[in-house]
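Now for the letters of each chain:
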Amino acid sequence: MSEWPDSIHAGETEQHEPLVRRVLAPNPSPYTFTGTQTWLVGAGSEIAVIDPGPAGSGLSIGDPKDMNGEGHVEAILRAVGDAKITAILCTHTHRDHSPAAAPLKALTGAPIIGCAPLSIADDGPRADSAFDPDYAPDRILEDGERISGEGWTIEAVATPGHTSNHLCYALLESGALFTGDHVMKWSTSVVSPPDGDMSAYMASLQKLYDRADRVYYPAHGPAVDNPRQLVRGMIGHRRMRERQILGLLEQGAQVIPDMVTEMYKGLDERLKGAAGRSVLAHLVDLEKQGRVALDGEAWQLAA
């Protein structure tokens, strides 16, 4: 994307505003864009680290714990310098977000604070990262709870949907919101049942739309300087997908792979698994509303 600066590479630090810096992890992929972005909050002697990112070297093929995080913890420590990390916060516990929390805590003594632990075996193919079973927070933040350090205050904003334990973090001093995977400019978020929930995701989008945040800093891709406009578009996009699904079912019973082919024309083959999970999430939501029903592997309009 032309809006993403080519000069910023993994391990480098980029200043976004006086209290906010970014360190990019070395894990680019079709579902992480240029990689996981670790956000550093604070300009003084105390720093909060948001989404410490993946651990592992990325060299152990087939090992889901090895998420290509080689050198990332060291890059975070270089960026922090002589300051003290006083909080390690994770938006959620997919393996491209939280595994580096443990080694970062071991090296600094900083507590792991934020989202609740969650480990669940998904029941289908996914194109985003699997869950981190080793995540162990020292403190879980509820919606609206705050932590603070020198010159900064962070408030937890519960945003379930992408995962049931997803939190965003608001920086009260600047009006910035760190949105994890909930809202991104470069791509829509994967909502993958059984943990991902489309009804919760839509409610969380509405929750953000009703806020007045100045800028979003997602875990992947460029900053969002028009937050409410983007969120409004995302709500409209999801409603359009729902209408597409119902339109296909009006033609007769459908299986998800065929629906993906019709709904996502030209989609990268590597992302069709993720698209299928989001279609399933819409179908599960519509089933709860009594509008569709599952018959074997095919979905149809409810009688």
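Overview of the structure.

Rules behind the numbers
Residues numbered from 1 in each chain as written. Predicted model: local features only at pLDDT ≥ 70, side-chain atom pairs only at ≥ 80, totals over all residues. Heavy atoms only, no water. Pairing = 2+ DSSP bridges. Helix = DSSP H or I, 4+ residues; strand = E, 2+ residues; numbered from the N terminus. Axes fitted to C-alpha atoms, helices over the stretch in contact; angles between N-to-C directions. Contact = heavy atoms within 4.5 Å. Expected span 1.5 Å × (residues − 1). Buried < 20%, exposed > 50% of the residue type's maximum accessible area, 1.4 Å probe, protein only. Salt bridge = Lys/Arg side-chain N within 4 Å of Asp/Glu carboxyl O.

Our focus in this paragraph is the sheet that holds strand β11 (residues 176-180). On the basis of which strands lie adjacent, the open sheet formed by five strands has the order β8-β9-β10-β11-β12 and mixed pairing. The sheet is open, and its two edges are formed by β8 (146-149) and β12 (215-218), each paired on a single side. If you compare each strand with its neighbour and ignore which way they point, the axes differ by 25° on average. Of the strand pairs in this sheet, strand β9 (residues 152-158) and strand β10 (residues 167-171) are connected by five bridges, and their pairing is antiparallel. Bridging across to β10, Ile154 finds its partner in Leu171.

We now examine the sheet that holds strand β6 (residues 112-114). Strand pairing in a sheet is mediated by backbone hydrogen bonds. Such pairs are either parallel or antiparallel. In space, the seven strands of this open sheet follow the order β1-β2-β3-β4-β5-β6-β7, with mixed pairing throughout. Across the chains shown, the open sheet's two edge strands, defined by having one partner strand only, are β1 (13-17) and β7 (139-140). Bridge analysis of strand β2 (residues 20-24) against strand β3 (residues 37-41) gives five bridges, and the strand direction is antiparallel. The partner of Val20 across the bridge, within β3, is Val41. The sheet strands contacting helix α1 (residues 72-80) are β1, β2, β3, β4 (46-50) and β5 (84-90), and the helix crosses β2 at an angle near 155°. Packing against the sheet, helix α2 (residues 101-108) makes contact with β4, β5 and β6, and its axis sits at approximately 165° to β5.

This next bit is on helix α6 (residues 272-288). With 17 residues, α6 ought to run about 24 Å at 1.5 Å a step, and its terminal C-alpha atoms sit 24 Å apart, in line with that. Extensive coverage of α6 is indicated by the burial of 12 of its 17 residues. All of the buried residues along α6 are Ala274, Ala275, Gly276, Arg277, Ser278, Val279, Leu280, Ala281, His282, Leu283, Asp285 and Leu286. Buried residues along α6 sit against α3 (198-209), α4 (227-250), α5 (256-263), β13 (292-295) and β14 (298-301). Looking one or two residues beyond α6, the residue adopting positive phi is Gly290, at roughly 80°.

Most of β10 is tucked away, with five of its five residues classed as buried. Taking every second residue as pointing to the same face, both faces of β10 are buried, with Leu167, Tyr169 and Leu171 on one and Cys168 and Ala170 on the other. Note that β10 and β11 share three bridges and pair antiparallel. Along β11, the bridge assignment pairs Ala170 with Leu177.

Moving on to the pattern of salt bridges. Taken as a whole, this structure holds 12 salt bridges when the rule is applied. A salt bridge links Glu242 to Arg291; the shortest N-O distance between them is 3.5 Å. Linking Glu242 in helix α4 with Arg291 in the loop between α6 and β13, this pair joins segments that are 49 residues apart in sequence. With a closest N to O distance of 3.1 Å, Glu269 and Lys272 form a salt bridge. Under the relative-accessibility criterion, Glu269 is labelled exposed at 59%.

Distances and angles like these do not, on their own, reveal function.
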